[in-house]
Amino acid sequence: MKSLKNTISTLVLFSIIMVSIIIGIISIISFHDMKINSVKHSQQQVIKQVKSQANHLLNKIEKISNYIIKNYKVGDTLLKNVVELNSDISSILILNKEGRIIDFYAKSNDHIYKGFDYSNKTYFKSVNKFKSSSWSNVFFSSVDNKPSISYTLKKDNKVLVIILRLDIFSNFITKFQNNDNSHMIRILDQNGIFIFNPDSINLVNQRFNAKNSSIYNDLINKNNEFNLAKFKNSNSNDNNFGMYTKLEKTGWTIVIRENYDLVLNTLKGFLISVFFVVLLFILFILYFVFKLFTNIFKQFDYLQETTKDISNGKYNKKIEKSTFKEISELISSFEKMKTQINNREKHLKNSRDSFEFLFNSTMEAIIIHDTKYCIDVNDITLKLLGANSKDEIKNKSIFDFIANSSIQTIKRKILKDNLPYEVELKKLNGEVFTALIQGKFVELNSKRLKITNIVDISELKNKDKLIFQQSKMVSMGEMIGNIAHQWRQPLSSISTAASGIKIEKEFGILDDKSLESSLNMIIKNTKYLSKTIDDFRNFFKVDKEKESIDISFVINKALKLLESSFKNHYIDIQKEFSNDLFIKGYKNELTQALINIINNAKDALKELNHEDRLINIHTYLENDIVVISIKDNAGGIKKSIKSKIFEPYFTTKHQKQGTGIGLYMTHQIIVDHMNGKIDVNNIKINYKNSEYIGCEFKIYFDYLKNT
């Protein structure tokens, strides 16, 4: 386990060092950025000044050229005056349209004469019918064999060429020097050849092309004008820091540069100063912090010892006050905590005693267990399972108290919370009884345990069987009435046939044909009576196992048993059956349930004044659910009693007409025995062009596929 003292000390030490280093780094970066911004600003001012001066020179030469071309006359002194008055101009040539010199003036004219053919010169070729003026790149002048540039102007049949001396042009630029006495400015023509490089004159004389050097690759090609960038010197490996701009008239590039290493060297002194300041700051803060921490942790060590004493039950120990306000408040909190812990221990003991009392006072049996073994039980459980003490149940497998018929059910449900469900349990003496159980998982003593409540429902189950038997007896009485109705006509036919035979015999008119006809009719009706007996006998058989049931067959069977009753009360039966609807269940119990619902509708229709009496039975499949709809037009059910119709012994009929268990047993059969669902609602129903209020029972079962 980590030490709080070491952890905080390490954290503080790390924080102080990191904060100091970060402050130092930020200071260095800020100074570096400030220095770079200063260099950038300074270079921008210089290069803008040089660009302005260069544009001024170019504009001046263009104005002079326009003046000469307009005012020149053969034999006058205009050319001489212009050359003598402008030190930048080395010579002026006047060429005819064929490129031959017709007049000139030069400060040194050793290599130039009138009539010379200059048509092959670049500056002559640069002007044509599409272009009247042009600035040239650097060339060696044929006048004085020095690097020069020229401005050419064409007008009418004359071509004016002004040749400029670069050494004179550079006088202004050489004034701009760096701290190491190197020159700041370089100028290149549009072909990348140095026009001006005072630190390397040989590059200008050799017409060195810099397009493949770092000045192009790292500065001009990768950056916009006036943006600061790093590049290497053209004739050395020194790192430069600079920017560039271009002259629109000539396409020249002006480059300004400083030695990058010298710029960075100015930061070294500042970096050393920052390092020593940060080091002194760290040492001072560490001394102050550790002196403070020594005093604070001394108090914490004392609190730690005191806490151990409290945890060991020494609540009467007095805690000394501290010189620090916060620690004093913490000590006060400890004093309160001592009192609260003492009170809570008493409260927990009382709560435990109350829990034990409630645990043993409940009417339900309660077992606390994990997924295998019993942990604890209440007193009711001992009585329920026939035990004399908890030791007979605790630490035993919970499956020791489950009947074989319910073991698989328990295995499916034991790993999760569940709603109440029925199982068969087993007492210590082996006696099996039916119980309703419900289990919930809880966290007790850092363990995930399940609390299972158990209610013995053996008596309730016996009561249900009694009610079901009573319902059967009521149905049997109703069925006997139906048998009487169905037998009346066949018995009458048999009696008539027998009487006919007797009378014909007495009068001597009985012949074989008449005798055979009467006997056949008697046999036919006797078979009908026998079949009726079989139908009613099958109805009262007890189903032991669930089977596949054809819904249409069961409904037709129920209707057949009630057929005579419908005829006697003029009730119209409408059937709308979907084919091949099968479910899993108990055939005779379902028949009983349907008869109860249809009988209820019949009894309600008997009370109506109108003669239009209807029972509509419709079956269909909806989302893999088989639906049985039974409607009537008997006026519906009152809202005040709708929620009570499935309760046992509830009836709206006269005591002689009903017992109130028919719909209760119907609900038990459909919901509890066959896992179905039943709803009842009032509806509007159309019959014989009239609208009636009626009642609709809807029964839902899972569809049995592949039957």
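Keep in mind the model is a prediction, meaning the values are calculated, not measured.

1. So, the packing of helix α13 (residues 551-561) against helix α15 (residues 587-606)
Thought 1: Between α13 and α15, the least distance of the axes is 9 Å, while the angle of their chain directions is 55°. Here α15 runs oblique to α13, going by the angle between their axes. Crossing hand, α13 versus α15: right-handed. For the pair α13 and α15, contact is made by Ile-551, Phe-553, Val-554, Ile-555, Lys-557, Ala-558, Leu-559 and Leu-561 and by Lys-587, Asn-588, Leu-590, Thr-591, Leu-594, Ile-595 and Ile-598, respectively.

2. Quick word on the sheet that holds strand β22 (residues 677-687)
Thought 1: The 5 strands are arranged β18-β20-β21-β23-β22 in an open sheet whose pairing can be described as mixed. The open sheet has two edge strands with one neighbour each: β18 (571-576) and β22. Taking each pair of neighbouring strands and ignoring which way they run, the sheet shows an average axis angle of 20°.
Thought 2: Note that strand β20 (residues 613-622) and strand β21 (residues 625-632) share 8 bridges and pair antiparallel. Bridging across to β21, Asn-616 finds its partner in Lys-631.
Thought 3: With respect to the sheet, α15 is in contact with β18, β20, β21, β22 and β23 (690-702), its orientation differing from that of β20 by roughly 145°.
Thought 4: Of the strands in this sheet, β22 and β23 are in contact with helix α17 (residues 662-673), which crosses β22 at around 115°.

3. Quick notes on the sheet that holds strand β13 (residues 374-377)
Thought 1: If you walk across this open sheet you meet the 5 strands as β13-β12-β16-β15-β14, and the pairing is antiparallel. Each edge of the sheet is formed by a strand with only one pairing partner; in this case those strands are β13 and β14 (418-426). The sheet shows a mean angle of 30° between the axes of neighbouring strands, taken without regard to direction.
Thought 2: Two elements, β14 and strand β15 (residues 432-444), share 7 bridges in a ladder whose sense is antiparallel. Bridging from a neighbouring strand, Leu-425 pairs with Phe-433 of β15.

4. Notes on the pattern of salt bridges
Thought 1: Under the counting rule described, the total for this entry stands at 13 salt bridges.
Thought 2: Across the pair Glu-563 and Lys-567 runs a salt bridge, and its minimum N-O distance is 3.7 Å. Here Glu-563 and its partner Lys-567 are both found in helix α14 (residues 563-568), 4 residues apart, which amounts to about one turn of the helix.
Thought 3: Take Glu-563: its relative accessible area is 32%, and that puts it in the partly exposed class.
Thought 4: Because the salt bridges share partners, they merge into one network encompassing Lys-51, Glu-225 and Glu-248.

5. Topic: a nonpolar patch on the surface
Thought 1: On the surface, a nonpolar cluster with roughly 820 Å² of combined accessible area is contributed by Leu-13, Phe-14, Ile-17, Met-18, Ile-21, Ile-22, Ile-25, Ile-26, Ile-29 and Phe-290.
Thought 2: Structurally, Met-18 is set in helix α1 (residues 4-71).

6. Quick look at the pairing of β13
Thought 1: Pairing of strand β12 (residues 365-369) with β13, which is carried by 3 bridges, proceeds in the antiparallel orientation. Paired with Ile-367 across the two strands is Val-377, which belongs to β13.

7. Some remarks on the confidence of the model for the protein
For any part of a model where pLDDT is low, the fine detail of the predicted coordinates should not be relied upon.
Thought 1: For the protein, per-residue confidence averages 78 on the pLDDT scale, and residues scoring 70 or more make up 76% of the total.
Thought 2: Ranking the helices and strands of the protein by mean pLDDT puts β21 first, with 95, and helix α11 (residues 458-506) last, with 62.
Thought 3: With pLDDT under 50 throughout, residues 654-659 is counted as low confidence; its partners more than four residues away or in other chains account for 5 contacts.

8. Some points on unusual backbone geometry
Thought 1: Within the chain, Asp-624 stands out as a residue other than glycine whose phi angle is a positive 65°.
Thought 2: Examined against the element boundaries, Asp-624 turns out to sit in the loop between β20 and β21.
Thought 3: With a phi close to 50°, Lys-688 is a non-glycine residue in the positive phi region.

9. Some thoughts on helix α2 (residues 78-85)
Thought 1: Three or more residues of α2 are buried, namely Leu-78, Leu-79, Val-82 and Val-83. All buried residues of α2 project into a common sector of 125° when viewed along the axis, lining one side.

10. Points about the nonpolar core
Thought 1: In this structure, Ile-68, Ile-89, Ile-92, Ile-162 and Ile-185 are the most contacted members of the largest nonpolar core, which totals 46 residues.
Thought 2: With 12 residues, the single largest contributor to this core is α1.
Thought 3: What Ile-185 contacts, discounting residues up to four positions off in sequence, is Val-46, Val-50, Ile-173, Phe-176, Phe-196, Pro-198, Ile-254, Val-255 and Ile-256.
Thought 4: Of all hydrophobic cores here, the second largest spans 42 residues; its members include Val-554, Ile-555, Leu-561 and Tyr-586.

About the thresholds
- Residues numbered from 1 in each chain as written.
- Predicted model: local features only at pLDDT ≥ 70, side-chain atom pairs only at ≥ 80, totals over all residues.
- Heavy atoms only, no water.
- Axes fitted to C-alpha atoms, helices over the stretch in contact; angles between N-to-C directions.
- Helix = DSSP H or I, 4+ residues; strand = E, 2+ residues; numbered from the N terminus.
- Parallel < 35°, antiparallel > 145°, perpendicular 65-115°, else oblique.
- Left-handed = near helix turned anticlockwise from the far one by under 90°.
- Contact = heavy atoms within 4.5 Å.
- Pairing = 2+ DSSP bridges.
- Salt bridge = Lys/Arg side-chain N within 4 Å of Asp/Glu carboxyl O.
- Buried < 20%, exposed > 50% of the residue type's maximum accessible area, 1.4 Å probe, protein only.
- Patch = residues over 30% accessible without salt bridge, like charges linked within 9 Å, V, L, I, M, F, W, Y side chains within 5 Å.
- Areas by Shrake-Rupley, 256 points an atom, 1.4 Å probe, with all protein chains shown as cover.
- pLDDT = per-residue confidence, 0-100.
- Arc of directions from axis to C-beta.
- Core = buried A, V, L, I, M, F, W, Y, C linked by side-chain atoms within 4.5 Å.

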